[in-house]
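Descriptive analysis of the structure
Residues per chain, in single letters:
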Amino acid sequence: MNENVIKIITLICFLAFSCGQKSDTDNIVEEYPFQIIPTDSITVNNILATLFLFQNVNEEHIFFRDAGASKIFIFERSGNLLNEWSKSGDVPGAFSMIADNLVFTSKGDIVVSDNLNGIKEFSLDGTLLLDAKPFQYQSGISADVKLFRKTQVIRKSGHEYLLHHLDLMDEVQTIGESFFKRRKNLLLTSLSTGESSQHLYFPTESKFFQSGKAFPFEDFRPIFYYEEKESKLYLIFQNEPVLYEFDWSEFEPKLINHYRLNLEGFHEHEGWDYNQIPYGKLNTENLDSPYSSKILSLEKTGDYFLINYKPGPSKSDVEKWKHAFSKDAPKNLKEEYLAKAEPRTVVFKDKEIISQGIHHLKMHYDSYRVIEDEIWWMKPLNKDKEDESFTIYKGNLKEIM
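Calculation rules
Residues numbered from 1 in each chain as written. Predicted model: local features only at pLDDT ≥ 70, side-chain atom pairs only at ≥ 80, totals over all residues. Heavy atoms only, no water. Helix = DSSP H or I, 4+ residues; strand = E, 2+ residues; numbered from the N terminus. Polar contact = N/O pair within 3.5 Å; in protein donor to acceptor, adjacent residues only side chain to side chain. Contact = heavy atoms within 4.5 Å. Buried < 20%, exposed > 50% of the residue type's maximum accessible area, 1.4 Å probe, protein only. Arc of directions from axis to C-beta. Pairing = 2+ DSSP bridges. Axes fitted to C-alpha atoms, helices over the stretch in contact; angles between N-to-C directions. Salt bridge = Lys/Arg side-chain N within 4 Å of Asp/Glu carboxyl O.

Let's shift gears to the side chain of Lys207. Here Lys207 is to be found in helix 3 (residues 207-210). Of note is the side chain of Lys207, whose polar atom sits 3.1 Å from the backbone oxygen of Asn239. Not counting residues up to four positions away in its chain, the partners in contact with Lys207 are Phe215, Asn239, Glu240, Glu268 and His269.

Written out as structure tokens, the structure is:
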């Protein structure tokens, strides 16, 4: 079949699907050359949960979690509930509501990374297989409700590891420029022994290495994707729009390339002088920057990288943003700035951004999961009543121009 005919049929299918979802397509912007074409949807019913989150899928199952109760739900692909179990409270394998989203081992076991309770591995029936203590207990928490992947199970030298990171600064440290020269930002935790090792210094090209300034801990939280076949690691720090590419065929990652990203509405912190900032204030709220730009996700589907980020104000516009989101701000002003702050996904390929956005249906929690090149997301909840049914979609990224 002619390639152009295929594109036309694909576009017609998308439009037909979206016509029945009119309330979900209000955020589509017309100029983007890429869109996510929905290919299927699955609904699960009769759910009673405080914070019901889609987590992951395998060939036979769909996984959800009630983050408010540390409970796992396992459904058949048809939507029928197969099993549920909870790990909250004083029980072996307990994890908290701020645990990262679920990932799987090659055998299909569930891995949970929790800054408060460590690394847990479970069989599908909830049996605890691994309870690894964290490399260090964290003094702060990142608790945004997003579906994005924050950890990854990888294979190196024939062994499986969980790739994750130090979420915040070391609990005890000497404050000063040397911190950024000594810090390693990634952790590998063996899923057979539970032992962890630290990896990856800041690249010398990074502002965190070069500037000699202090930065909020949120700014240098790493977002990453490991390409196992090529032993390549791709990494971005949240408030630095630079994609770093590493060769990780040896014990330590070696920088190959780095690409500065032109992200619309993204503003970087310039840093603060160490002698002006007490250690306990090294976060964006205390440094009077509550709407900072952040890169939230890095994924790969086919030949494309998807980079999701949240825009924010420049230093001179922070007060305008504060006013726009205050209780006294007029509705039209608040809506204007909500649009400015709306997260967006860009498409990156061959060393450059080739699309500053993507057409897609509205997504609950403004986030998605990329699983085996397919994109999965939740339908937004009902605004008028409490939901007991939840729908997830899967789709593919398509170029339409």
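We are not done yet, so read on.
A few words on helix 5 (residues 331-341). Within helix 5 the residues assigned to the buried category are Leu333, Tyr337 and Ala341. With its buried residues spanning 70° around the axis, helix 5 presents them on a single face. In helix 5, the exposed residues that point more than 90 degrees away from the buried face are Lys331 and Asn332. Residues of helix 5 that are buried make contact with strand 19 (304-310) and helix 4 (318-324).

A word on the sheet that holds strand 18 (residues 294-301). Spatially, the four strands line up as an open sheet ordered 18-19-20-21, and their pairing is antiparallel. Looking along the sheet, the strands with just one partner apiece sit at the ends: strand 18 and strand 21 (352-355). For this sheet, the mean angle separating the axes of adjacent strands, direction not counted, is 35°. Relative to strand 19, strand 18 runs antiparallel, the two sharing seven bridges. Following the sheet pairing, Ile295 is matched in strand 19 by Tyr309.

Spatially, four strands are ordered 10-11-12-13 in an open sheet, and the strand pairing comes out antiparallel. For this open sheet the edge positions go to strand 10 (152-156) and strand 13 (196-201), each flanked by a neighbour on one side alone. On average, each strand axis in the sheet is tilted by 35° relative to the strand beside it, whichever way the strands run. In this sheet, strand 13 lies alongside strand 12 (residues 184-190) in antiparallel orientation, the contact comprising five bridges. Its bridge partner being in strand 13, Leu187 is matched across the sheet by Gln198.

So, on to the pattern of salt bridges. A complete count under the given rule lists 13 salt bridges for this structure. We note a salt bridge from Glu84 to Lys71, for which the minimum N-O separation is 3.4 Å. Note that Glu84 is positioned in strand 5 (residues 81-86) and Lys71 in strand 4 (residues 71-76), a separation of 13 residues in sequence. Relative accessible area serves as the criterion here: at 36%, Glu84 is assigned to the partly exposed category. Note that Glu227 is salt-bridged to Lys300, the shortest N-O span being 3.8 Å. With a gap of 73 residues between them, Glu227 in strand 14 (residues 222-227) and Lys300 in strand 18 connect regions that are remote in the sequence.

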